[in-house]
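Residue-level listing of the chains:
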Amino acid sequence: MSIWPRPDSARPTSDGPAIETAIGPATSPEIRISLHPLPSMPQLAQAWTDLESRADSSFFLSWTWIGSWLAQMPDGIEPNLLVALRGDEPVGLAVLCPRARRRFGLLPSRCWMLHETGDRSYDRLFMEYNGILADRRVADEVTDAMLHWLDERLAANDELVLGGLTLAAERAARRVAARTGHTLQLRIADSAQWVDLGTVRAGGGDFRGGLGRNTRAAVNRTERLYRARGALEHRVAATVDEAMEYFTGLEVLHQAGWQARGQVGAFANPAFRPFHERLIAEGMPRGAVRLSRVSVGGRPIGYLYNFVHRNRVLNYQGGFAFEADNRLKPGLLSHVLAIEDALARGEDCYDFMSTPAGHKPLLSNAEQPMNWLTLGPDRMSRRMEAHCRRARGVMVDAVKRSLRGWIAPAKGI
């Protein structure tokens with residue numbers, strides 16, 4: 001069976017309304033689901049931002065991210081819009097990208113990717129806290145209904161690729177798998193770590209004082225050594241131009257750190273800079289993007305590129321001026337200063353997101369799983385592929401452990 005709407009549901013025309021067109025078969029007495037070709041960007045922006053105002057979604061489901069992601073999407077990808085309506089009101093939206101493939105080079109299949117494309121370079125922009133943009137009044141019901149509608153329409157060898165899910169979205173996927181008898185396979189097991197600033201405030205508001213003894217000593221020693229060289233300044237970019245200047249400075253330090261370890265760095269990805277230049281230009285005026293610089297005597301020692309969404313600061317990337325003296329920890333100090341800045345601003349959280357590494361476990365006081373999953377019919381080919389993926393993952397983890405201390409952390413902590 002095709003994932004496309006059944007023949008009894010009309011297709012939207014290219015010049016018709018973005019949302020108020022054909023509706024697929026009902027999955028419940030109230031919520032109706034349909035899949036459409038992507039409407040024009042202005043139409044989609046209006047529909048998406050309207051629903052976003054009624055949702056409790058992550059930054060990665062905001063129009064700031066999704067709009068930039070769609071605008072920079074590589075040629076040859078045909079995104080589709082999944083829509084949930086209750087009455088005439090949109091209550092759920094998601095973008096799905098189909099990708100044809102051959103499992104083991106033989107079996108034809110399709111992946112339906114939630115807010116990813118299947119293009120390896122482009123997907124290395126890293127979608128996290130993924131899920132369905134859903135009206136907060138019916139969020140669980142909508143997410144269940146949309147994933148169930150999709151899962152029911154998968155052909156025998158097809159699967160949904162659900163990357164970097166929120167806990168709520170993962171729970172919904174597991175409920176759908178249990179109802180349909182399909183299998184949910186784990187592609188990547190990961191977790192997100194963050195600093196719950198409410199917990200820090202409840203403990204008296206002294207973030208450094210709550211760190212472990214060794215970590216606190218390392219932070220204070222680093223600060224003391226830097227201050228001996230000159231004035232220490234943590235500055236947040238105030239304009240788009242200043243943010244772009246910091247982004248360029250971040251690139252220089254980030255690439256130098258990775259290349260010194262024999263790695264290419266994020267900026268070697270041709271999609272990285274154009275995407276983020278647009279994101280910064282769009283997000284800075286909205287207060288959704290925050291770039292900061294830490295300098296000593298006027299010389300930069302660290303840059304941080306963070307997102308700000310619903311009073312939550314999300315650390316995305318960094319670049320630091322590492323030196324031979326290993327007592328100097330510019331990444332550690334830069335994050336501590338940014339956390340103290342968020343604390344002073346009254347924000348709720350400083351989130352390191354996925355891939356615990358470097359100083360993240362030492363600075364965080366909260367954690368939750370964030371997994372990359374596939375959902376589809378239970379087939380021997382899928383089970384064999386999952387087994388091969390697990391075996392490959394064990395080998396990669398073993399190599400990483402053997403190289404620990406030589407390879408730079410994924411996000412430059």
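Structure: see above.
Residues numbered from 1 in each chain as written. Predicted model: local features only at pLDDT ≥ 70, side-chain atom pairs only at ≥ 80, totals over all residues. Heavy atoms only, no water.

Visitor: Please set out the overall build of the protein residue by residue, giving values where relevant.
Guide: Of the regular secondary structure elements, the protein holds twelve helices and 13 strands. Relative to all contacts within the protein whose residues are 6 or more apart in sequence, the contacts with residues 24 or more apart total 73%. (Helix = DSSP H or I, 4+ residues; strand = E, 2+ residues; numbered from the N terminus. Contact = heavy atoms within 4.5 Å.)

Visitor: An account of the nonpolar core is needed here, citing residue identities and associated values.
Guide: Side chains of nonpolar character tend, in soluble globular proteins, to be buried together. Formed by 54 residues in total, the largest nonpolar core has its most connected members in Trp-48, Trp-65, Trp-69, Tyr-305 and Phe-307. One finds Ile-31, Ala-84, Ala-134 and Ala-145 within the second-largest nonpolar core, a separate group that totals 30 residues. (Core = buried A, V, L, I, M, F, W, Y, C linked by side-chain atoms within 4.5 Å. Buried < 20%, exposed > 50% of the residue type's maximum accessible area, 1.4 Å probe, protein only.)

Visitor: Run through the packing of aromatic side chains, naming residues and quoting values.
Guide: The full count for this structure, using the stated rule, is 20 aromatic pairs. Between Phe-247 and Tyr-305, the ring centres sit 5.6 Å apart and the planes meet at 75°, which makes this aromatic pair edge-to-face. One end of the pair, Phe-247, is in helix α8 (residues 240–259); the other, Tyr-305, is in strand β10 (residues 299–309), with 58 residues separating them in the sequence. Tyr-305 shares its class with Phe-247; the two are buried. (Phe/Tyr/Trp six-rings, centres within 6.5 Å; stacked < 30°, edge-to-face > 60°.)

Visitor: Hey, could you go over the layout of surface pockets for me, with residue numbers and the actual values?
Guide: There is about 590 Å³ of room inside the second largest pocket. The wall of the second largest pocket is formed by 30 residues, among which Asp-56, Ser-57, Ser-58, Thr-166 and Ala-168 lie closest to the centre. Mapped onto the lining of the second largest pocket, the elements with two or more residues apiece are α4 (139–152), α5 (167–180), β7 (183–196) and β11 (312–320). Taken together, the residues of the lining of the second largest pocket sort by class into 14 nonpolar, nine polar and seven charged. (1 Å grid on protein atoms, 1.4 Å probe; cavity = no way out; pocket = protein on both sides within 12 Å on 5 of 7 lines; lining within 4 Å. Points joined across faces, edges and corners; volume = space filled by probe spheres on them. Nonpolar A, V, L, I, M, F, W, Y, C, P; charged D, E, K, R; others polar.)

Visitor: Please provide a residue-by-residue account of unusual backbone geometry, values included.
Guide: Of note, His-115 is a non-glycine position whose phi angle comes to about 60°, a positive value. Relative to the helices and strands, His-115 resides in the loop between β4 (107–114) and α3 (120–123). By relative accessible area, which is 1% here, His-115 ends up buried.

Visitor: I'd love a proper account of the pairing of strand β6 (residues 159–162), names of residues and values included.
Guide: Looking down a regular strand, the side chains alternate between one sheet face and the other. Burial along β6 is two-sided: Glu-159 and Val-161 and Leu-160 and Leu-162, pointing in opposite directions, are all buried. In this sheet, strand β13 (residues 366–376) lies alongside β6 in antiparallel orientation, the contact comprising three bridges. Looking across to β13, one finds that Leu-162 is bridged to Leu-373. (Pairing = 2+ DSSP bridges.)

Visitor: Any chance you could break down empty space enclosed by the protein for me, citing the residues and the numbers?
Guide: Taken as a whole, this structure holds two cavities of 30 Å³ or more when the rule is applied. The space that makes up the largest cavity amounts to roughly 50 Å³. Trp-65, Trp-69, His-115, Glu-116, Tyr-122, Asp-123, Leu-125, Phe-126 and Met-127 are the residues that line the largest cavity. Here the residues of the lining of the largest cavity sort into six nonpolar, one polar and two charged. In this model, the second largest cavity occupies a volume close to 50 Å³. Lining the second largest cavity, in full, are His-234, Val-236, Arg-290, Ser-292, Asn-306, Val-313, Ala-338, Asp-341 and Tyr-350. For the lining of the second largest cavity, the secondary-structure elements that each account for two or more residues are β8 (232–236), β9 (289–296) and α10 (330–344).

Visitor: Outline the pairing of β10, listing residues and values.
Guide: Judged by how many residues are buried, β10 sits mostly within the fold: nine of eleven residues are covered. Looking at chain direction, β9 and β10 are connected through eight bridges and run antiparallel. Residue Ser-292 lies in a different strand from β10, and its bridge partner there is Leu-304. Strand direction decides the pairing type here: β10 and β11, joined by eight bridges, are antiparallel. If you follow Leu-304 over to β11, its bridge partner there is Gly-318. With antiparallel pairing between neighbouring strands as the criterion, β10 and β11 make up a hairpin whose turn holds two residues, including Arg-310 at a positive phi of roughly 50°.

Visitor: Residues and numbers for the packing of helix α7 (residues 213–227) against α10, please.
Guide: α10 packs onto α7 with a crossing angle of 100° between their chain directions and a minimal axis gap of 9 Å. Taken as axis vectors, α7 and α10 run roughly perpendicular relative to one another. Here Thr-215, Ala-218, Val-219, Thr-222, Glu-223 and Tyr-226 of α7 lie close against α10, whose contacting residues are Pro-330, Leu-332, Leu-333 and Val-336. In terms of residue class, the contact of α7 with α10 is built from seven nonpolar, two polar and one charged. (Axes fitted to C-alpha atoms, helices over the stretch in contact; angles between N-to-C directions. Parallel < 35°, antiparallel > 145°, perpendicular 65-115°, else oblique.)

Visitor: Tell me about α8, residues and numbers included.
Guide: When the terminal C-alpha atoms of α8 are compared, their 28 Å separation across 20 residues agrees well with the 28 Å that a helix rising 1.5 Å per residue should span. Taken together, the buried positions of α8 are Glu-242, Ala-243, Tyr-246, Phe-247, Gly-249, Leu-250, Leu-253, His-254, Gln-255, Gly-257 and Trp-258. Here the buried face of α8 lies against β8, α9 (272–283), β9, β10 and β11. (Expected span 1.5 Å × (residues − 1).)

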